[in-house]
Amino acid sequence: MGGDRLVSRSYRQVHVNGHSMRPTLADGDLVLVKLGAPVRPDDLVLVRWASRPGQLSVKRAVWPEGDGWFVVGDNVAASEDSNRLGPATVRGVIRWRLWPRPWRIR
């Protein structure tokens, strides 16, 4: 993840860094994350890995697994995800892409 900023206690702006979510999201996109929102399969989510506590990632939720979620990138060839790192802790659900072309995400 690139730079991010807490907008309120409930929302955080996050810059996408990398190509793991192409074509849905691209490197440099700015998204709005609802922190603590309930997760459903197929949601785009902001996650943290137990093995990489300083790293946040944007992935797609697939199913709940243990105390976390099995998540994957949309670009399989460019994604390190639950297939390699195991389940992730979801910090929030992505609700909007703010830049470059704003659109609501499910």
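Everything discussed here concerns the structure shown above.
A short tour of the structure in this document, coming up. (Residues numbered from 1 in each chain as written. Predicted model: local features only at pLDDT ≥ 70, side-chain atom pairs only at ≥ 80, totals over all residues. Heavy atoms only, no water.)

## Side note on the overall build of the chain
Line of reasoning, step 1. When you go through the chain residue by residue, the secondary structure sums to one helix and eight strands.
Line of reasoning, step 2. Listed N to C, the secondary structure of the chain is β-β-β-β-β-β-α-β-β in terms of helices and strands.
Line of reasoning, step 3. Since a compact globule built from 106 residues should have a radius of gyration of about 13 Å, the 12 Å found for the chain is in line with a globular shape.
Line of reasoning, step 4. Projected onto its principal axes, the C-alpha positions of the chain cover 30 × 30 × 25 Å.
Line of reasoning, step 5. Counting the 106 residues in the chain, one finds 42% classified as buried.
Line of reasoning, step 6. Long-range contacts, defined here as pairs at least 24 residues apart, represent 47% of the contacts in the chain between residues at least 6 apart.
Line of reasoning, step 7. In the structure as shown, the chain presents an accessible area of about 5800 Å², 52% of it carried by carbon and sulfur atoms.
Line of reasoning, step 8. In the chain, which carries 17 positive and 10 negative side-chain charges, the distance between the mean positions of the two groups comes to 7 Å. (Helix = DSSP H or I, 4+ residues; strand = E, 2+ residues; numbered from the N terminus. Rg over C-alpha atoms; globule rule 2.2 N^0.38 Å. Buried < 20%, exposed > 50% of the residue type's maximum accessible area, 1.4 Å probe, protein only. Contact = heavy atoms within 4.5 Å. Areas by Shrake-Rupley, 256 points an atom, 1.4 Å probe, with all protein chains shown as cover. Lys, Arg positive; Asp, Glu negative; His and termini not counted. Charge placed at Lys NZ, Arg CZ, Asp CG, Glu CD.)

## Structural notes on the pairing of strand E4 (residues 44-49)
Line of reasoning, step 1. Among the six residues in E4, five count as buried, and that is most of the element.
Line of reasoning, step 2. For E4 and strand E5 (residues 52-65), the ladder comprises six bridges, and the chain directions are antiparallel. Residue pairing in the sheet places Arg48 in a bridge with Leu56 of E5.
Line of reasoning, step 3. The turn linking E4 back onto E5 is made up of two residues.
Line of reasoning, step 4. Sheet topology note: the E4/strand E7 (residues 89-99) ladder contains four bridges and is antiparallel. Looking at E7, one finds that Val45 is bridged to Val93. (Pairing = 2+ DSSP bridges.)

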